[in-house]
Amino acid sequence: MLSGVIFLALTISATVIVYEAGVPVVKKMQAASVIDKMQGTFSELDKIVRQVASEGVGSKRTVYLSIDTGQLVINKSQDSIYWTFSTDAPVLSPRTSQQYGNIVIGSNMETKAYEASYTGRTPSVPSYVMENEHLKVYVRKAGSSASYAAYNTSDLVLGIYHKDLDEWLNNEGFLQVLLDDNPTSGIGTGYMVAEKLGENLPYATVSAYMNSSYATYWINLTLESGADFIEIGVDV
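Residues numbered from 1 in each chain as written. Predicted model: local features only at pLDDT ≥ 70, side-chain atom pairs only at ≥ 80, totals over all residues. Heavy atoms only, no water.

Draft legend 1. Structural context of the environment of leucine 179. Tracing the backbone through its elements, the reader meets leucine 179 in the loop between strand E10 (167-169) and strand E11 (187-194). Residue classification places leucine 179 among the buried residues on the basis of a relative accessible area of 12%. If near-sequence neighbours (up to four positions away) are discounted, leucine 179 is found in contact with Ser185, Tyr214, Ala215, Tyr217, Val234 and Val236. (Helix = DSSP H or I, 4+ residues; strand = E, 2+ residues; numbered from the N terminus. Buried < 20%, exposed > 50% of the residue type's maximum accessible area, 1.4 Å probe, protein only. Contact = heavy atoms within 4.5 Å.)

Draft legend 2. Geometry of the nonpolar core. Residues Met130, Val137 and Leu156 are the most contacted members of the largest nonpolar core, which totals 27 residues. If you list the elements that add at least two residues to this core, you get strand E6 (125-131), strand E7 (135-140), strand E8 (149-152), strand E9 (157-162), E11, strand E13 (203-212) and strand E14 (216-224). Setting aside its immediate chain neighbours within four residues, valine 137 contacts Tyr128, Val129, Met130, Val157, Gly159, Ile160, Leu223 and Ile230. In terms of nonpolar packing, the next biggest core, distinct from the first, is built from 6 residues, Ile35, Phe42, Ile103 and Ile105 among them. (Core = buried A, V, L, I, M, F, W, Y, C linked by side-chain atoms within 4.5 Å.)

Draft legend 3. Local environment of the sheet that holds strand E5 (residues 111-118). If you walk across this open sheet you meet the 6 strands as E10-E9-E7-E6-E5-E12, and the pairing is antiparallel. One side of each edge strand has no neighbouring strand; the edge strands of this open sheet are E10 and strand E12 (198-201). Strand-to-strand, the axes of this sheet are offset by a mean angle of 25 degrees, without reference to chain direction. Two strands pair when backbone bridges link them, and E5 and E6 are joined in this way by 7 bridges, in the antiparallel orientation. Considered in E6, the bridge of glutamate 115 is made with tyrosine 128. (Pairing = 2+ DSSP bridges. Axes fitted to C-alpha atoms, helices over the stretch in contact; angles between N-to-C directions.)

Draft legend 4. Looking closely at the packing of aromatic side chains. Applying the stated criterion across every chain yields a total of 10 aromatic pairs. Consider the rings of tyrosine 118 and tyrosine 138, whose centres lie 5.2 Å apart with planes at 55 degrees: the pair is tilted. Of this pair, tyrosine 118 sits in strand E5 while tyrosine 138 sits in strand E7, and the two are 20 residues apart along the sequence. Residue classification places tyrosine 118 among the buried residues on the basis of a relative accessible area of 2%. Through pairs of rings, three or more aromatic residues link up here, namely Tyr118, Tyr138, Tyr161 and Trp168. (Phe/Tyr/Trp six-rings, centres within 6.5 Å; stacked < 30°, edge-to-face > 60°.)

Below is the structure:
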């Protein structure tokens, strides 16, 4: 009886270990299969759309789509069709994307970046806006690589709106970037540029070039999908 009980215990333990190790692999394979299928579906749909566009006014097709899981959305304002699928399987790295022609596949792509006027001041200030599910961040837009503009790093981020709390952080000088705590490093000339404008981005980054009497450097402001904070990095 003792040996039989021990054998049964070992068998059950081994089965649990195999199950726990195998389930993530199976989930990943299933999720990858679903994504591959939808990529093929969107590839065929893209071909049909381009064919109809090339045939001129009045041309049309009837398309039948089979969606086993996830949600298909037609966004008229963005002139796009996208499919969302939630999974905890590590099929794609978080906040990454890959483009195949007109098709983009990515994970955590809830961020957008665009140009707008910040109206919290009079007169309004041209700005880049980084926006995700939680935050809307206004960053000053001034100058260019060919024509620098004078600015202070304390006036770089104009305002942050927290959607969940319905609150603004926009008192002047609430954020300042200095090197070695030297006040002269935060004043100079330069320009700001957005890494990429558009919607359905895994993250958005606005970089500011500062040419001060103390040093020249880049300030990189990044807002990732799902984040309720911004990341600030400096390249000297």
